[in-house]
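Secondary and tertiary structure notes
These are the residues of each chain, in order.
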Amino acid sequence: SSAAVEMEVEEGPGMDVSPAAAVAMVDSEHSSEEEEEEEVSSSPVLALPEQARRKQGAAVAAAVPALVVPKDQDLEKEKKEKERQRERERVDEVGYMSGGCKSDDGSLSCGYSSFRGKRASMEDFFDIKSSKIDDKQINLFGIFDGHGGSRAAEYLKEHLFENLMKHPQFMSDTKLAISETYKKTDSDFLDSEINTHRDDGSTASTAVLLGNQLYVANVGDSRAVISKSGKAIALSDDHKPNRSDERKRIESAGGIVMWAGTWRVGGVLAMSRAFGNRLLKQFVVAEPEIQ
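Everything in this summary refers to the structure shown in the same document. (Residues numbered from 1 in each chain as written. Predicted model: local features only at pLDDT ≥ 70, side-chain atom pairs only at ≥ 80, totals over all residues. Heavy atoms only, no water.)

What follows covers the overall build of the protein. Per the secondary structure count, the protein includes 7 helices and 15 strands. Counting all 291 residues of the protein, 33% fall into the buried class. Of the contacts formed within the protein by residues at least 6 apart in sequence, a portion of 55% connects residues at least 24 apart. For the protein, the computed accessible surface area is about 18,000 Å², with 50% contributed by carbon and sulfur atoms. (Helix = DSSP H or I, 4+ residues; strand = E, 2+ residues; numbered from the N terminus. Buried < 20%, exposed > 50% of the residue type's maximum accessible area, 1.4 Å probe, protein only. Contact = heavy atoms within 4.5 Å. Areas by Shrake-Rupley, 256 points an atom, 1.4 Å probe, with all protein chains shown as cover.)

Structure representation (structure tokens):
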């Protein structure tokens, strides 16, 4: 075993610090048998030669490392990160992941499926949360389709619903809460990536079920569909650059929409709204359409 103590020594005139004393503080394996038989002090002691102890004005300070105990939230964060890493590795390895779950009160069942496609690594994420607020059952579902990398989509998985449920008007004015949370989470993501020299982006298609009230919010070109009597009914409209209202908004902000294999903002991005995409942020907003 070994122990290390960091020391700061301010030398006075002619002060001589014994090398043996310094080594004794660093590695207990180097101590003699006689030292091992001596009673161990409960506090660390810096042993100096007699000459140094007599010297006036010599200041000696010993800094003892403090034991840092991880907080519960740190442990929980580490646990979630390990789970996400295992999830990413599984999808990257086998190319897909699927499963299902139930809401906390058992009233709702859901399923999920994720495929990597031809890419070397997964850029898309989903999130499912079930909770209770003021005795009302809350269920949240989200799909985040990343582009230019996975960081934006993964950030949304980690933070979007968490931010939404913390919004002070989440229960009283849910549409306002969703709109403000989308924009704030986008801003927070861009701030977190300011020094990365990356430009990841992501869509977000989410469904928020508060009791029996359903809210569907969309940014980008992911889609939400509801089935009624076997008939598919769209609950979102794709945000495409050639959509007349979107094109007008982009051009009014000074941007251009051009054809490059498909209609793109600035000839680059094939959707007109997204999280991230810092270089196009003036035109590619994260303002959701909510139904």
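Here we take up the packing of aromatic side chains. This structure, assessed with the given rule, holds 5 aromatic pairs. For R247, the ring lying beneath its charged end belongs to W263, and the centroid distance is 5.1 Å. (Phe/Tyr/Trp six-rings, centres within 6.5 Å; stacked < 30°, edge-to-face > 60°. Lys NZ or Arg CZ within 6 Å of the ring centre and 35° of its normal.)

Scanning the entire structure with this criterion turns up 14 salt bridges. One salt bridge connects D245 with R243, and the closest N-O pair in it is separated by 2.9 Å. (Salt bridge = Lys/Arg side-chain N within 4 Å of Asp/Glu carboxyl O.)

Checked against the element boundaries, R151 lands in helix α5 (residues 151-166). Note on R151: relative accessible area 36%, which makes it partly exposed. Between the alpha carbons of R151 and G276 there is a distance of 9.2 Å; along the sequence they are 125 residues apart. Beyond its immediate chain neighbours, meaning those up to four positions away, R151 contacts F189, E193, T196, R198 and D200.

On to the environment of G111. Topologically, G111 is positioned in strand β4 (residues 109-115). A C-alpha to C-alpha distance of 3.9 Å links G111 and G100, two positions 11 residues apart in sequence. With residues near it in sequence (within four places) discarded, G111 still touches G99 and G100.

Bringing the side chain of S179 into the picture now. With respect to the helices and strands, the residue S179 is situated in helix α6 (residues 174-192). Excluding residues that lie within four positions of it along the chain, S179 makes contacts with E287, P288 and I290.

Turning next to the nonpolar core. With 21 residues, the main nonpolar core has L164, F170, Y182 and V208 as its most contacted residues. Elements supplying a minimum of two residues to this core: β6 (136-147), α5, α6, β8 (204-210) and β9 (213-219). Counting 9 residues, the second largest nonpolar core, distinct from the first, contains V265, L269, L280 and F283. (Core = buried A, V, L, I, M, F, W, Y, C linked by side-chain atoms within 4.5 Å.)

Glancing now at the pairing of β9. Among the 7 residues of β9, 5 are classified as buried, and the element is accordingly described as predominantly covered. Bridge analysis of β8 against β9 gives 7 bridges, and the strand direction is antiparallel. Within the sheet, the bridge partner assigned to T206 lies in β9 and is A217. Hairpin connection of β8 to β9: 2 residues between the antiparallel strands, including G211 at a positive phi of 65°. Across 2 bridges, the pairing between β9 and strand β15 (residues 289-290) is antiparallel. Along β15, the bridge assignment pairs A217 with I290. (Pairing = 2+ DSSP bridges.)

A few words on unusual backbone geometry. In the Ramachandran plot, D134 falls in the positive-phi region, its phi being about 50° despite a non-glycine side chain. Residue position: D134 is located in the loop between β5 (124-133) and β6. Within the chain, N277 stands out as a residue other than glycine whose phi angle is a positive 50°. Along the chain, N277 falls in the loop between β14 (275-276) and β15. Since its relative accessible area comes to 5%, N277 is described here as buried.

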